[in-house]
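# Tertiary structure, described
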Amino acid sequence: MAFTDAVRSGFQKELEGLRAAGIFKTERFIHSAQAADIEVEFPAGAAPKKVVNMCANNYLGLSSHPEVVAAAHAGLDSRGYGMSSVRFICGTQDIHRELEGRMTEFLGTEDTILFPSCMDANAGVFEAILNESDVMISDRLVHASIIDGIRLCKAERDTFKHADMEHLESKLELHAARRLKVVITDGVFSMDGDTPPLDEMSRLCEKRGALLFVDDSHSTGFIGRTGRGTHEKYGVVGKVDIITTTFGKALGGASGGCVSGRRELVEMCRQRARPYLFSNTIAPVVVAGVLRVLDLISKSTERRDKLEKNAAYWRKGLTSAGFVLKEGDTPIVPVMLFNAKLSQDFSRDLFEEGIYAVGFFFPVVPKGAARIRTQISAGHETSHLDKALSAFIKVGKKYEIHR
Ligand SMILES: *Cc1c(COP(=O)(O)O)cnc(C)c1O
């Protein structure tokens with residue numbers, strides 16, 4: 001046996017190290033559908049407890065929406081369960097084409113290609129369109145999946161300081177001679193909930209002859225007046241050359257992602273992107289669900305409007321209670337506690353009070369910037385937010401962290 005005792009104990013020590021450093025991740029088991037009210041088993045073996053969910057990416061409250069569930073059922077009945085193929089062999093149905101068209105229309109782009117996930121979209125897109133003559137210039141805080149995509153691509157790599165347009169311009173100047181320059185950013189940064197100035201960024205890209213790439217996973221469906229995303233918020237619809245986004249967050253939360261943008265770039269992905277070519281097609285049941293989500297959010301802005309109101313209400317409540325927040329106007333509302341242990345104790349005590357929100361600390365966020373990240377949903381009613389606020393105040397008093 002090659003997995004000898006020595007090999008096993010090596011891995012055991014490594015895992016022990018994670019525990020000792022306090023960065024060992026444990027999962028909490030949810031016994032209900034994803035929603036504002038969920039039943040959670042924690043710690044493992046405990047009877048499930050009813051809590052208010054304050055940490056899902058279920059921004060529009062559509063993860064268990066009856067119409068989405070019904071559409072998914074209908075999709076299952078009409079198109080079956082699985083495709084047992086990648087897209088280019090025998091894994092493309094009419095509804096895949098339909099969803100690509102609907103995303104193009106929703107995002108205001110030229111074309112769209114589906115991927116098994118946005119992680120896969122980001123892993124495949126750079127390698128598919130860039131080569132050694134090109135340069136990728138990314139914000140220093142971009143999502144892990146973008147970092148992986150950049151690693152897989154042979155183009156030169158560089159970074160700019162988070163949302164710093166002067167620094168970005170200096171990098172664009174430095175790399176002026178490259179065939180293609182691609183500026184890469186998240187639309188909403190998930191740890192802080194902030195948005196970079198896409199209008200300025202777009203202008204800089206035009207001035208310096210660079211392409212603009214935005215991962216709008218924490219934005220598609222609710223940021224901007226009609227929920228198109230950060231490009232709508234900053235008035236640059238049609239000017240972002242590549243948008244990647246996920247169906248795993250606001251758009252029903254099941255799975256899947258896409259690359260949307262310039263027609264030829266999308267076609268390059270269809271020809272060359274490895275996660276597209278070598279991983280299975282998105283299941284028809286998911287496609288049918290996302291199509292209904294797009295119906296719902298194209299017909300009315302009611303849900304994104306409610307989300308905006310909820311987020312403002314939540315920010316105001318916490319601020320009046322003396323908590324320190326990361327400034328912003330997205331439904332990602334980080335409550336700053338600064339101390340890593342406190343963030344874990346605070347989260348545990350919130351759970352006792354019936355509120356589910358997790359604490360983040362180094363290395364997920366910088367040292368000394370530990371926080372509870374709350375995420376607001378259109379599925380929350382004022383009563384949920386009031387209950388959560390009372391719990392934050394009660395636990396805050398215990399640790400004497402607010403005025
Ligand atoms: C969640 C997320 C992803 C990954 O999306 P999946 O579809 O779940 O793989 C990619 N990029 C960003 C910015 C994200 O927040």
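Residues numbered from 1 in each chain as written. Predicted model: local features only at pLDDT ≥ 70, side-chain atom pairs only at ≥ 80, totals over all residues. Heavy atoms only, no water.

### Some details on the environment of S170
- Relative to the elements of secondary structure, S170 occurs in helix α7 (residues 165-174).
- Expressed as a C-alpha distance, the spacing of S170 and F160, which sit 10 residues apart in the sequence, is 8.9 Å. (Helix = DSSP H or I, 4+ residues; strand = E, 2+ residues; numbered from the N terminus.)

### Thoughts on the sheet that holds strand β11 (residues 332-338)
- A sheet is described by the order of its strands in space; here 3 strands give the open sequence β11-β14-β13, paired in antiparallel fashion. Where the open sheet ends on each side, the last strands, each with one partner, are β11 and β13 (359-360).
- Alignment of β13 against strand β14 (residues 370-375), held across 2 bridges, turns out to be antiparallel. Counterpart to G359 in the pairing with β14 is I372.
- On top of the sheet, helix α14 (residues 340-352) reaches β11, β13 and β14; it is set at about 40° to β14, its chief contact. (Pairing = 2+ DSSP bridges. Contact = heavy atoms within 4.5 Å. Axes fitted to C-alpha atoms, helices over the stretch in contact; angles between N-to-C directions.)

### Some points on the sheet that holds strand β9 (residues 242-246)
- What the 7 strands build is an open sheet, ordered β4-β10-β9-β8-β7-β5-β6; its pairing is mixed. Each edge of the open sheet carries a strand with a single partner, namely β4 (111-115) and β6 (156-160). Adjacent strand axes in the sheet meet at a mean angle of 20°, parallel and antiparallel pairs treated alike.
- Note: strand β7 (residues 181-186) against strand β8 (residues 211-215), 5 bridges, orientation parallel. When the sheet's bridge partners are listed, I184 is paired in β8 with F213.
- Against the sheet, helix α4 (residues 94-107) touches β4, β9 and β10 (257-261), its axis set at about 125° to β4.

### Observations regarding α7
- Within α7, the full set of buried residues consists of M165, H167, L168, E169, K171 and L172.
- Buried residues along α7 sit against β5 (135-139), β6, β7 and α8 (198-208).
- You can read the cap of α7 off the contacts: a side-chain oxygen lies 3.1 Å from the backbone nitrogen of E166, and it is on D164. (Buried < 20%, exposed > 50% of the residue type's maximum accessible area, 1.4 Å probe, protein only. Polar contact = N/O pair within 3.5 Å; in protein donor to acceptor, adjacent residues only side chain to side chain.)

### Points about a nonpolar patch on the surface
- Taken together, the side chains of M1, F3, V7 and F11 define a hydrophobic patch exposed on the protein surface, amounting to about 440 Å² of accessible area.
- Structurally, the position occupied by M1 is in the segment before α1 (5-20). (Patch = residues over 30% accessible without salt bridge, like charges linked within 9 Å, V, L, I, M, F, W, Y side chains within 5 Å. Areas by Shrake-Rupley, 256 points an atom, 1.4 Å probe, with all protein chains shown as cover. Salt bridge = Lys/Arg side-chain N within 4 Å of Asp/Glu carboxyl O.)

### Things to note about unusual backbone geometry
- Cis geometry is found at the peptide bond from F42 to P43, where omega equals -5°.
- Its place among the elements puts P43 in the loop between β2 (37-41) and β3 (49-53).
- The backbone of F338 sits at a positive phi, close to 70°, despite the residue not being glycine.
- Its location among the elements puts F338 in strand β11.
- For F338, a relative accessible area of 42% puts it in the partly exposed group.

### Observations concerning the pattern of salt bridges
- One pass over the structure, following the stated rule, counts 26 salt bridges.
- One salt bridge connects E16 with R19, and the closest N-O pair in it is separated by 3.2 Å. Here E16 pairs with R19, and both are found in helix α1, just 3 residues apart, close to one helical turn.
- By relative accessible area, which is 43% here, E16 ends up partly exposed.
- The class for R19 is partly exposed, based on a relative accessible area of 43%.
- The salt bridge partner of D349 is R348, with a shortest N-O separation of 3.6 Å.
- Residue classification places R348 among the partly exposed positions, given a relative accessible area of 41%.
- Residues participating in the shared-partner salt-bridge network are K341, D345, R348, D349 and K398.

### Overview of the packing of helix α5 (residues 118-129) against helix α6 (residues 144-151)
- Closest axis-to-axis distance for the α5/α6 pair is 7 Å, and the angle between their directions is 25°. Accordingly, the angle class assigned to the pair α5 and α6 is roughly parallel. When you trace α5 past α6, the crossing you get is right-handed. Residues M119, N122, A123 and F126 of α5 form the contact with α6, whose participating residues are S145, I146, D148, G149 and I150.
- Its residues assigned to classes, the contact of α5 with α6 comprises 5 nonpolar, 3 polar and 1 charged. (Parallel < 35°, antiparallel > 145°, perpendicular 65-115°, else oblique. Left-handed = near helix turned anticlockwise from the far one by under 90°. Nonpolar A, V, L, I, M, F, W, Y, C, P; charged D, E, K, R; others polar.)

### Re the nonpolar core
- Counting 70 residues, the largest nonpolar core has W314 and F392 as its most contacted members.
- At 8 residues, the largest contribution of residues to this core is made by helix α12 (residues 284-299).
- Lining this core are residues from two domains, each supplying at least three of them: domain 1 (24-53 + 301-399) and domain 2 (66-299).
- Sequence-distant contacts of W314, that is, excluding residues within four places in its chain, are made with M54, V333, T374, I376, L385, A388, L389 and F392.
- Among the nonpolar cores identified, the runner-up in size contains 25 residues, and F126, M136, L265 and L277 belong to it. (Core = buried A, V, L, I, M, F, W, Y, C linked by side-chain atoms within 4.5 Å. Domains from an automatic or database assignment.)

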